[in-house]
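# Survey of secondary and tertiary structure
Here is what each chain is made of, one letter per residue.
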Amino acid sequence: DKAVAFNGDVYGGKKLMVEVAGQHRSRAQSGKGKPGPGAKPAGCTSVVVKCLSYNAIEADLFKAFAKCGSGPSNVKILTDWDSGKSKGMAFVDFADEKAVDQAIKLIGTEIKGRPISMDYAKPRKQ
């Protein structure tokens, strides 16, 4: 509490900002990243899976999303160009938008021991 008394004082030409941890009033308390998926693009039939375990393989994603519509039509795990190791992200394609809506509800599902995050993938230009 004694340190908080220095809040607003000038020291070495700089104004100090001292407060009790976790009690900052002017910043959002959301933490790192966005709170959830962004707006769904029109005609969206793919999701981007983030925070994917580096040990996950395409078969794990096919299994995790099997009940979303008729299941994924394609899965692509992004890999490092040189090492070939997973980057912890994947694109999962579906036959229709309803399957994508079902898939987004699986945010937080654990795949290979790690909860996933997702967002809608922007439609690819043909």
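Everything discussed here concerns the structure shown above.
Everything numeric in this text was worked out from a predicted model, so none of it was measured.

Here the focus is the sheet that holds strand β4 (residues 74-79). As summarised here, the arrangement of the four strands in space is β4-β5-β3-β8, forming an open sheet in which the pairing is antiparallel. Looking at which strands have only one partner, the edges of the open sheet turn out to be β4 and β8 (117-120). With direction set aside, neighbouring strand axes in the sheet form an average angle of 25°. The sheet contact formed by strand β3 (residues 46-50) and β8 spans four bridges and is antiparallel. Directly across from V49, in β8, lies its bridge partner M118. Relative to β8, helix α2 (residues 97-104) is tilted by about 150°, and along the sheet it contacts β3 and β8.

Our focus in this paragraph is α2. Residues of α2 that are buried: A99, V100, A103 and I104. Viewed end-on, α2 has its buried residues packed into an arc of 135°, placing them on one side of the element.

A word on the layout of surface pockets. Put simply, the second largest pocket is a space of about 160 Å³. The wall of the second largest pocket is formed by 11 residues, among which T45, S46, K122, P123 and R124 lie closest to the centre. Residue composition of the lining of the second largest pocket, by class: four nonpolar, four polar and three charged.

Per the stated rule, a full pass over the model turns up one aromatic pair. Seen from their ring centres, F65 and F94 are 6.0 Å apart, and the 75° between their planes marks the pair as edge-to-face. Placement of F65 in the loop between α1 (58-64) and β4 and of F94 in the loop between β5 (86-93) and α2 is noted, with a sequence separation of 29 residues between them. We note that F65, like F94, is buried. Above the ring of Y54, the side-chain terminus of R114 is found at 5.7 Å from the ring centroid.

Reading the values: the criteria
Residues numbered from 1 in each chain as written. Predicted model: local features only at pLDDT ≥ 70, side-chain atom pairs only at ≥ 80, totals over all residues. Heavy atoms only, no water. Pairing = 2+ DSSP bridges. Helix = DSSP H or I, 4+ residues; strand = E, 2+ residues; numbered from the N terminus. Axes fitted to C-alpha atoms, helices over the stretch in contact; angles between N-to-C directions. Contact = heavy atoms within 4.5 Å. Buried < 20%, exposed > 50% of the residue type's maximum accessible area, 1.4 Å probe, protein only. Arc of directions from axis to C-beta. 1 Å grid on protein atoms, 1.4 Å probe; cavity = no way out; pocket = protein on both sides within 12 Å on 5 of 7 lines; lining within 4 Å. Points joined across faces, edges and corners; volume = space filled by probe spheres on them. Nonpolar A, V, L, I, M, F, W, Y, C, P; charged D, E, K, R; others polar. Phe/Tyr/Trp six-rings, centres within 6.5 Å; stacked < 30°, edge-to-face > 60°. Lys NZ or Arg CZ within 6 Å of the ring centre and 35° of its normal.

Note that every value here comes from positions in space, so none of it alone points to a role or purpose.
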